[in-house]
Amino acid sequence: MLALAVSGAHAAEPPPRAIDDARLAAADSEPGNWLAHGRTWSEQRYSPLAQIHEGNVARLAPAWVYATGETRGHEATPIVVDGVMFVTLPWSIVVALDAATGRELWRHDPGVPRAWGRYACCDVVNRGVAAYQGRVYVGTLDGRLVALDAKTGARAWDVNTIDRSKPYTITGAPRVARGLVFIGNAGAEFGVRGYVSAYDAETGALRWRFYTVPAAPDKPREHKELELAAKTWPKNALWESGLGGTVWDSLAFDPELELLYVGVGNASPYPREVRSPGGGDNLFLSSILALRVTTGELVWHYQTTPRENWDYTATQQMILAELELGGRKRKVLMQAPKNGFFYVLDRATGELLSADKYVDVNWASHVDSKTGRPVETGKGEWKDGAGFVIPGPAGGHNWHPMAFHPGTGLVYIPTYALTYPFHKDAEFRHVPGRFNTGENFPAMQRAVDGYERSLRFCSPTQLTAWDPVKRERVWRVPHASEMHGGTLATAGNLVFHGSGDATLAAYRATDGKLLWEAEAPTAVMAAPVTYAVKGEQFVAVAIGAGGSAGMNFTQLAYENAGFVLAFKLGGTAVLPPRRPRAARPIEAPVTSEAPAVALRGQKLYHQWCMFCHGIGTRSGGLLPDLRFAPRATFENWQEIVIGGTRAEHGMASFADSLSREDADAIRAYVIAQANRRESLLESGAAWLYRNGACVPASWLAD
């Protein structure tokens, strides 16, 4: 199959053709390209190329290296069309590269205000573009959808997709079909209302919009489906929070059924008794929606986690496939959302075909096959103050793409084994623009004290091979880092997967045996792709540490830098070396502030600063670890935090949210952390090893 694909491309070398619906529908006939986010509309991330296979993958070596010049998280899946690669970088920057050499053809910076980074819960990342009708489409961190000329990078149009008075962001990749560009948004943790939109690919005009949660009862219903949703919300819901339900990642399109599948995110705030005190399932939070592609009309919905309570999004990748179940072929949708259950649904009707635990789960015992509802155990409850839940808010599987291999019949899932100590904030009230999850983060900080030291005994991430027909795990490869990457499956009986250990590896698809590994300069979070140019198969991936894990728990031992790496058999390029991080002295002054001031600063820090600078000021290293800030930072604290003197570098002014006294209290807390004040560093939970996961000792008694 590969010989036909690459020899044809090598012999004819036809001029580039625009991507249209016919070409996307027939993407399997072009194995040398990677035309869509998941290679095809089915989002399987499987390639029929087999020039690189289990017998020769050990000869894989670097073909070229492109330095992006960016030092934040790189999460994009490249698109490759007729020898040109399109890939996004942090801050929604788009670059076009020669896919054979890595030479930059053009670069477009959409001009995201760096201060907008204060609204990004999980780094200023972007997961890719869509190529369609001679253009490249990208969603920007500050909520715009931009169309670029695919040949030159020139801007064709630029439309705003959000209410700019609210803290929305876009980090997901657009999808395209039927002359439309589809995009969602993020920001639930900050308190926004979710929706997915369809824009005219030619003009940028809004064609339809589907809201995932209703507005307050005194507001109009934008479309009829919200009447159904409203019945599952009480009148005393926390309407001012926006309620969440953002569509921040996965979308998939079925051209036969003309359905767009939409993964819906988590609640705002998290605690259900705060957000929805009168009860109700809270549609369409944590749901999969099937919408008419041209109108946005709802055909069916399935809610994975009714009355969501743990940041259990259903925004994870949805794979469309055909499986033989019960003796007959079924057209299915498969998803491994955060809640820890692997779902197989009939994609025409939404009928639940199976739901099984693919990781350890304590919040529910099983999913009832008749009702489709999870049966909760009560072990994950935290309404009375605190509770340990597994999976934690990182999920059993997060945004990192999984792959389906039709030959082995297995789905390859980047999985997590992380518990999480939820602590309820008894004094919570919604504050616009703040981290509004409803958690008591100082209490959580004390609970995870010692967690970093426990990682050497645990396997917080894994590559898991799951059989969706037999409904069981086939094999699993553990990793020691909390960061890991997406997956790629190929006809060469290979699965490629990166990790936060700064490696890209190839495993035998049938049994998980490690066949090849390359040491990268930094963490590999994005999913690899494979393509062919002039008869040669390449494997490429964007690398660069970041995301939620990279900004909080992971302590990088090396300097972070972004690259796109490409490999081929017998490649002769050289990978850049890892650059060890230099030791940094503590320069924080000794403060004379009363302990009560620092304790107040602790709460303010975890409401406004934590998601960039880390839990308890323990930054992963992407942004300044404030414990090691130079003395000048402490001396100019007010100018930075209130005056915004570093806004152009991403440190926005918080004058709209914090008083000068608030800023001083945060400064006192940071200084106390730097000087290891025991009054603020109470001994936390004892973390132990169980089934590959890091769990607190108190949880073992459950």
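Keep in mind that what you see is a predicted model, and the values were worked out from it rather than measured. (Residues numbered from 1 in each chain as written. Predicted model: local features only at pLDDT ≥ 70, side-chain atom pairs only at ≥ 80, totals over all residues. Heavy atoms only, no water.)

Take the layout of surface pockets next. Considered as a void within the structure, the largest pocket measures approximately 730 Å³ in volume. What lines the largest pocket is a set of 34 residues, among which His 613, Leu 623, Pro 624, Leu 626 and Met 651 lie closest to the centre. When contributions to the lining of the largest pocket are tallied by element, the ones reaching two or more residues are α8 (595–608), α9 (610–613) and α11 (637–641). Of the residues assigned to the lining of the largest pocket, the class counts are 22 nonpolar, six polar and six charged. (1 Å grid on protein atoms, 1.4 Å probe; cavity = no way out; pocket = protein on both sides within 12 Å on 5 of 7 lines; lining within 4 Å. Points joined across faces, edges and corners; volume = space filled by probe spheres on them. Helix = DSSP H or I, 4+ residues; strand = E, 2+ residues; numbered from the N terminus. Nonpolar A, V, L, I, M, F, W, Y, C, P; charged D, E, K, R; others polar.)

Here the focus is the sheet that holds strand β35 (residues 529–533). As summarised here, the arrangement of the four strands in space is β2-β37-β36-β35, forming an open sheet in which the pairing is antiparallel. If you trace the sheet from one side to the other, it starts and ends with β2 (60–67) and β35, each paired once. Strand-to-strand, the axes of this sheet are offset by a mean angle of 30°, without reference to chain direction. As defined by bridge partners, β35 adjoins strand β36 (residues 536–543) across five bridges and the pair is classed as antiparallel. Note that in β36 the partner of Tyr 531 across the bridge is Phe 538. (Pairing = 2+ DSSP bridges. Axes fitted to C-alpha atoms, helices over the stretch in contact; angles between N-to-C directions.)

Bringing the state of the cysteines into the picture now. What the rule picks out here adds up to one disulfide. Through a disulfide, Cys 121 is tied to Cys 122; the S-S separation comes to 2.3 Å. Here the disulfide of Cys 121 and Cys 122 is left-handed, its torsion about the S-S bond being about -90°. Looking at Cys 121, the relative accessible area reads 23%, which means it is partly exposed. Sulfur of Cys 609: no disulfide; nearest cysteine sulfur belongs to Cys 612 and is 8.7 Å away. Taking the relative accessible area as the measure of exposure, Cys 609 reaches 16% and is therefore buried. Taking the relative accessible area as the measure of exposure, Cys 612 reaches 14% and is therefore buried. (Disulfide = S-S within 2.5 Å. Buried < 20%, exposed > 50% of the residue type's maximum accessible area, 1.4 Å probe, protein only.)

Before going further, it helps to examine empty space enclosed by the protein. Under the criterion given, the structure shown has five cavities of 30 Å³ or more. Considered as a void within the structure, the second largest cavity measures approximately 100 Å³ in volume. A breakdown of the residues in the lining of the second largest cavity according to their chemical character gives 10 nonpolar, two polar and two charged.

Another aspect to go through is the confidence of the model for the protein. Looking at the protein as a whole, the pLDDT averages 91, with 91% of positions reaching at least 70. Segment residues 1–13 is flagged for pLDDT under 50; beyond a separation of four residues in sequence, or across chains, it makes 15 contacts in the model. (pLDDT = per-residue confidence, 0-100. Contact = heavy atoms within 4.5 Å.)

Along strand β16 (residues 259–263), five of the five residues are buried, which leaves the element largely enclosed by surrounding structure. Neither face of β16 is open: one carries Leu 259, Tyr 261 and Gly 263, the other Leu 260 and Val 262, and all of them are buried. Bridge analysis of strand β15 (residues 251–254) against β16 gives four bridges, and the strand direction is antiparallel. Within β16, the position partnered with Asp 254 by the bridge is Leu 259. The antiparallel hairpin formed by β15 and β16 contains four residues in its connecting segment, where Glu 258 sits at a positive phi of about 55°. Across five bridges, the pairing between β16 and strand β17 (residues 287–292) is antiparallel. Looking at β17, one finds that Val 262 is bridged to Leu 289.

Here helix α12 (residues 660–674) is 15 residues long and its end C-alpha atoms lie 21 Å apart, about the 21 Å a rise of 1.5 Å per residue gives. With 11 of 15 residues buried, α12 lies mostly within the body of the structure. Looking at α12, one finds that the buried residues are Asp 662, Ala 663, Ala 665, Ile 666, Ala 668, Tyr 669, Val 670, Ile 671, Ala 672, Gln 673 and Ala 674. (Expected span 1.5 Å × (residues − 1).)

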